Amino acid sequence: MIYMTDDIVFGIDFGTTSSCVSYFTKKDNKFTVIKNKNGKDITPSIVYFEPDSDNILFGEDALEIYSLKSTKKQNFFTNIKRLIGKELSTLDINTGRFFDKNVIKINNFVICRKGELVEISYVDIIKSYIYHLKEMIFLTIQHKIQKIDVVITVPAYYNELQRNILKKCFIDCNLNVIRILNEPIAATLYSTYINRNLDKEYNTLVFDCGGGTTDISIVHIDKYENVYDVLEVVGDNYLGGMDITQCLVDFFSSKTNVSDDKLRVYCEKLKCDLTYKVNALLYLESCDYRFTMSRNMFNSICEPFYKKIDLLLSKLDNDFFDISEIIFIGNSSVIPFLQYKVLKKFVKAQKRDDINKETTVSLGAALMGVLLKGLFKDVNDFKDTLLIDITHLSLGVETENGIMCPIISKNTIIPTSKTVEFTNSEKNDKIDINIYQGENRYVKDNFLIEKCILKNVPKSEKNSLVIKVTFSINSDGILSVVAKLKNDESINVIIEKNISSDIKINETRMKQIDKIENEKIDKI
């Protein structure tokens, strides 16, 4: 146990399939990963609400009872991170299949508690899991306090809406979020911290493939100036190891009479076995079914997943970058064929083999917290590190004919702000501004992240009023909007935001974007 003081900071990697918490203390001047009660560095991101009590099980405890007949499947939740920014009533098939045993009523889940059916939101489920991670912190320190400084990580391709929702979940759990850090950048920071014998200036490619998300980032590292400059980011928030497992489930589902949810457990084990073996056996005791699969067959079955990876790699402007090293993080990145595809594309790059794929992101988040709070005891080559991050998607507004008008372009260094002038389209005391993220020409193919209504606007003839609207993106990648009249800044222009109603609209756009992406995959 350690004493909690202001000289400590925590890094939390909340993952789709598993999570990790680490910390740094100025007193000990070292980083430590918090082990769960089973002595593991990572805790499965699984929640089970016991139906006959108020008790909630997490991680391995929840996983152990999953196969029991008495387990109420509607009370069991995995992959909850996939739900962030989505509407439960309109889930697409790629997300909905992970919740086919859960009961959904409009935009809540229905679970059994103390013998009664009650509704619960996915946000409350996430917060219950975060509280569990918080309890792990309390078991490590000597007493509870009101303020715990944390740096949390998110997939690099998370949009502004998703970042806001997740940050609020942590804040509601009384955790003081001092920074939101992209997962690949966290990994880059810590991997450089533990190995400072590399060249003084080079480019690193971070391939982050976890249970539910995939990000590819290129970072320029300048050790002369202690600068980490993010050059490019591509990713998919709904592509990861669980999709590989689903490929296997789809293959076996027609060959057995085992339900998909049970089959998924066996396919997960088969996937892990084939990561380290050239052949592996899937055995279903309930129906005495055996199937020996080769790694080559596994790769063939998972071709739809690999094609999506190829599409992400094709989006990189790699002709402009000379990649010196590749860092693989996320449990799914250990799959041999996946690494082969990446290394084949960047033949001059060296693979880093000294990276712990389970803990590096959390430790990198803690390291970011150390830099923000200035906790290093002595002057070292990391004390004055500068991180230069970028926007991963363009931000813009809707114009006539549904055209996307970019305001802050993709790969712009953040924090950043830009002011744009709008005129009134009609004689009204309000102006609607729809804000989107994406790279497509039409707004219908991009993500609606905010609907702003400018109120208290003086009624004037059409196009006679000019309003200056400033869009700012902070270091967390979160947007803020401020508006003023150009000719009379004393008038208070009120901005009313509507985020919750955007989610359902985004579900429709997700399906449209998926269709566009699938057309690109078919051409590969």
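Nothing here was measured: the structure is a model prediction, and the numbers come from that model.

Points about the sheet that holds strand β27 (residues 466–473)
- The strand order across the open sheet formed by 3 strands is β24-β27-β28, and the pairing between neighbours is antiparallel. The open sheet has two free edges, formed respectively by β24 (416–423) and β28 (479–485), since each of these has just one partner strand. In this sheet, adjacent strand axes meet at a mean angle of 20° when their direction is disregarded.
- Here β27 pairs with β28 via 7 bridges, running antiparallel. Note on β28: the bridge partner recorded for Ile467 is Leu485.

Points about the confidence of the model for the chain
- Residue-level pLDDT values for the chain average 85, and 87% of them are 70 or greater.
- Contacts for the low-pLDDT stretch residues 499–505, under 50 throughout, to residues beyond four places or in other chains number 16 contacts.

What to know about the side chain of Ser332
- Its place among the elements puts Ser332 in the loop between β18 (323–329) and α10 (336–345).
- Overall, the relative accessible area of 7% leaves Ser332 in the buried class.
- Among the polar contacts made by the side chain of Ser332, one reaches the main-chain amide nitrogen of Gly241 at a distance of 3.2 Å.
- Apart from the residues lying within four places of it in its own chain, the contact partners of Ser332 are Cys209, Gly210, Gly211, Gly240, Gly241 and Leu338.

Structural notes on the pattern of salt bridges
- On inspection of all chains with the given rule, the structure shows 20 salt bridges.
- A salt bridge links Lys271 to Glu268; the nearest nitrogen and oxygen atoms lie 3.2 Å apart. Of this pair, Lys271 and Glu268 are both found in helix α7 (residues 260–276), 3 residues apart, which corresponds to roughly one turn of the helix.
- Among the charged side chains, a salt-bridge network with shared partners connects Asp124, Lys127, Lys168 and Asp172.

Overview of the packing of aromatic side chains
- One pass over the structure, following the stated rule, counts 21 aromatic pairs.
- Arranged with centres 4.7 Å apart and planes meeting at 50°, the rings of Phe24 and Phe31 form a pair that is tilted.
- Overall, Phe24 belongs to the buried group, its relative accessible area being 0%.
- The interplanar angle of 80° and the centroid separation of 4.8 Å between the aromatic rings of Tyr306 and Phe337 together place this pair among those described as edge-to-face. Highlighted residues: Tyr306 in helix α9 (residues 303–314) and Phe337 in helix α10, separated in sequence by 31 residues.
- Phe337 gets classed as partly exposed once you look at its relative accessible area, which sits at 27%.

A short note on the packing of helix α6 (residues 241–253) against α7
- As a packed pair, α6 and α7 sit with axes 8 Å apart at the nearest point and diverge in direction by 115°. Where α6 crosses over α7, the handedness of that crossing is right-handed. Residues Gly241, Met242, Ile244, Thr245, Gln246, Leu248, Val249, Phe252 and Ser253 of α6 touch α7, and the partners they reach there are Asp260, Leu263, Arg264, Cys267, Glu268, Leu270 and Lys271.
- Taken together, the residues of the contact of α6 with α7 break down into 8 nonpolar, 4 polar and 4 charged.

Quick notes on α9
- The end-to-end C-alpha distance of α9 is 16 Å, a good match for the 16 Å that 12 residues give at a rise of 1.5 Å each.
- Among all positions in α9, only Phe305, Tyr306, Ile309, Leu311, Leu312 and Leu313 are buried.

Rules used in this analysis
Residues numbered from 1 in each chain as written. Predicted model: local features only at pLDDT ≥ 70, side-chain atom pairs only at ≥ 80, totals over all residues. Heavy atoms only, no water. Pairing = 2+ DSSP bridges. Helix = DSSP H or I, 4+ residues; strand = E, 2+ residues; numbered from the N terminus. Axes fitted to C-alpha atoms, helices over the stretch in contact; angles between N-to-C directions. pLDDT = per-residue confidence, 0-100. Contact = heavy atoms within 4.5 Å. Buried < 20%, exposed > 50% of the residue type's maximum accessible area, 1.4 Å probe, protein only. Polar contact = N/O pair within 3.5 Å; in protein donor to acceptor, adjacent residues only side chain to side chain. Salt bridge = Lys/Arg side-chain N within 4 Å of Asp/Glu carboxyl O. Phe/Tyr/Trp six-rings, centres within 6.5 Å; stacked < 30°, edge-to-face > 60°. Left-handed = near helix turned anticlockwise from the far one by under 90°. Nonpolar A, V, L, I, M, F, W, Y, C, P; charged D, E, K, R; others polar. Expected span 1.5 Å × (residues − 1).

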